[in-house]
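Okay, here's what each chain looks like letter by letter:
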Amino acid sequence: MKAVYSLYEGVAGVEAIDTVMKLGMAHPMGHCNWLIFIGLDVCHSILQVLHDGFGNPKYAPCPLLTNMVTAGYFGVKSGEGFYSYKAGSKELVV
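Analysis parameters
- Residues numbered from 1 in each chain as written.
- Predicted model: local features only at pLDDT ≥ 70, side-chain atom pairs only at ≥ 80, totals over all residues.
- Heavy atoms only, no water.
- Salt bridge = Lys/Arg side-chain N within 4 Å of Asp/Glu carboxyl O.
- Helix = DSSP H or I, 4+ residues; strand = E, 2+ residues; numbered from the N terminus.
- Buried < 20%, exposed > 50% of the residue type's maximum accessible area, 1.4 Å probe, protein only.
- Phe/Tyr/Trp six-rings, centres within 6.5 Å; stacked < 30°, edge-to-face > 60°.
- Arc of directions from axis to C-beta.
- Contact = heavy atoms within 4.5 Å.
- Axes fitted to C-alpha atoms, helices over the stretch in contact; angles between N-to-C directions.
- Parallel < 35°, antiparallel > 145°, perpendicular 65-115°, else oblique.
- Left-handed = near helix turned anticlockwise from the far one by under 90°.

### Looking at the pattern of salt bridges
Now for step 1: Tallied over the full model, the rule gives 1 salt bridge.
Now for step 2: Where Lys77 meets Asp41, a salt bridge forms, and the shortest distance between an N and an O atom there is 3.1 Å. With Lys77 in the segment after helix H5 (63-70) and Asp41 in helix H4 (residues 40-54), this residue pair connects regions lying 36 residues apart in the sequence.
Now for step 3: Judged by its relative accessible area of 54%, Lys77 falls in the exposed class.

### Focus: the packing of aromatic side chains
Now for step 1: Across all of its chains, the model carries 2 aromatic pairs by this definition.
Now for step 2: Judged by centre distance (6.5 Å) and plane angle (80°), the ring pair of Tyr5 and Tyr8 falls under edge-to-face. Placement of the pair is Tyr5 and Tyr8 together in helix H1 (residues 2-8), with a separation of 3 residues, close to one helical turn.
Now for step 3: A residue is classified by how much of its surface remains accessible, and Tyr5, at 23% relative accessible area, is partly exposed.
Now for step 4: On the numbers, 5.7 Å between centres and 35° between planes, the contact of Phe54 with Tyr59 is tilted.
Now for step 5: On the basis of relative accessible area, Phe54 is assigned to the exposed category, the value being 60%.
Now for step 6: Using a relative accessible area of 23% as the deciding quantity, one classes Tyr59 as partly exposed.

### A short note on H5
Now for step 1: Within the sequence span of H5, burial applies to Leu65, Met68 and Val69. Angularly, the buried residues of H5 cover 95° about the axis, an arc narrow enough to put them on a single face. Exposed residues on H5 whose side chains face more than 90 degrees from its buried face are Asn67 and Thr70.
Now for step 2: Packed against the buried residues of H5 are H1 and H4.
Now for step 3: With its phi angle positive at about 90°, Gly72 sits one or two positions after the end of H5.

### Here's the deal with the packing of H4 against H5
Now for step 1: For the pair H4 and H5, interaxial distance at closest approach is 9 Å and the crossing angle is 130°. Here H4 lies oblique to H5, going by the angle between them. The handedness of the crossing between H4 and H5 is left-handed. From H4, Leu40, Asp41, His44 and Leu47 reach across to H5, where they touch Leu65, Thr66, Met68 and Val69.

Dropping the structure here:
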């Protein structure tokens with residue numbers, strides 16, 4: 001979830017974060033892209049359970065993630081996340 005904090009803190013944009021992970025770390029997809037395929041609401045719930053269970057602030061969901069989930073941006077399933085998608089498709093709208 002450090003990718004979301006990097007975006008939140010203005011370290012880099014979504015495309016830059018994903019490019020670094022793909023080209024620099026040899027990951028098949030960037031972390032922002034990966035998060036929206038899982039579902040931002042699912043990721044938020046997992047972080048909330050970890051934070052509540054362990055009480056460690058490192059597991060607290062990023063305020064940006066919380067705001068996106070509250071606004072209904074769940075990723076591919078809602079058509080909006082860090083990228084936009086066509087309804088019912090996992091193809092990126094450029």
